[in-house]
Amino acid sequence: MGKFKKMVATLLAGTMLFALAGCGKKIKAYDEDGYYDILENKLDIDEDDIYSLDGIGYRGSKMIEGTLIQTMYENCTIIIAIYDDEDDAEEAFEDMFDMAEDFEDDDPRFEVFEDNDGELAYDMDDNTGYVIVSVDGGPNLRFFGDINMSREDFYGAAYYTENVIVRIMPYGPDYEDGDSDYVLEIIDALGYPTLEDVKD
């Protein structure tokens, strides 16, 4: 049976760090060069395989300004959105947070999710937050509207701090059982907390 954990976190005032109670991991916002450094030097991703675009995308008719960095690591995708306006980042992550909260509170498929060893952890405090999900097949849901979670051994995470949202998740038809280890390698390279880090 899966467990639902809603964690309480401590904001370190005056910094861009999100310290998690009971764990030494912190969610840190890097600039574009900082993320490139992690992707190239810690994950050994070739610079030519990292794509950077001006503009995050549209919210309704409004173009959200910022920089979008996207790349693949093994069979996992990494999407880093660096917003020009912190309010836009907060609003975007609130949508993700609300989706996780509504799933746990109101979606009848949550019981199926738990029956498939599903675990969900999320929190949002001031300008920081996370949503982390793990499930071993089913139900037919989508992780933030993007990736089908019905595949086996799904592990995905989204992290938010200040003006940045980072999403890490399995992607593509070649994703196989066991590839969640690569998701954990990405999280480790960023120094962000895993599901195990935020659990009691």
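Each chain carries its own residue numbering, running from 1 in the written order of its sequence. Thresholds applied to this predicted model are a pLDDT of at least 70 for local features of residues and 80 or more for the giving and counting of side-chain atom pairs; totals over whole chains, interfaces and linings are not thresholded and use all residues. With hydrogens and water stripped out, all remaining heavy atoms of the structure feed into the side-chain values.

J.: Go over helix α1 (residues 32–42), please, and point to the residues and values.
T.: Inspection of α1 places G34, Y35, Y36, I38 and L39 among the buried residues, and these make up the whole buried set. When checking whether two residues touch, look at their non-hydrogen atoms; a contact exists if any pair is within 4.5 Å. The way it works is that DSSP assigns letters per residue, a run of H or I at least four long becomes a helix, a run of E at least two long becomes a strand, and they are numbered from the N terminus. Of the surrounding secondary structure, the elements contacted by the buried residues of α1 are β4 (26–28), β5 (51–54), β8 (66–73), β9 (76–83), β15 (164–170) and α4 (180–190). The first or second residue beyond α1 is D44, which carries a positive phi of 60°. Relative accessible area decides the class of each residue, using a 1.4 Å probe on protein chains only: under 20% of the type maximum gives buried, over 50% gives exposed, and in between gives partly exposed.

J.: Describe the packing of aromatic side chains, naming the residues involved and giving the relevant values.
T.: For Phe, Tyr and Trp, rings pair up if their centres lie within 6.5 Å, where Trp contributes its six-membered ring, and each pair is then called stacked (planes under 30 degrees apart), edge-to-face (over 60) or tilted (otherwise). Applying the stated criterion to the full structure yields eight aromatic pairs. An angle of 85° between the planes, with centres 6.1 Å apart, marks the rings of Y73 and Y182 as edge-to-face. Of this pair, Y73 sits in strand β8 while Y182 is found in helix α4, placing the two residues 109 residues apart along the sequence. With 5.2 Å between their ring centres and 80° between their planes, F103 and F110 make a pair best called edge-to-face. Accessibility assignment for this pair places F103 and F110 in one class, buried.

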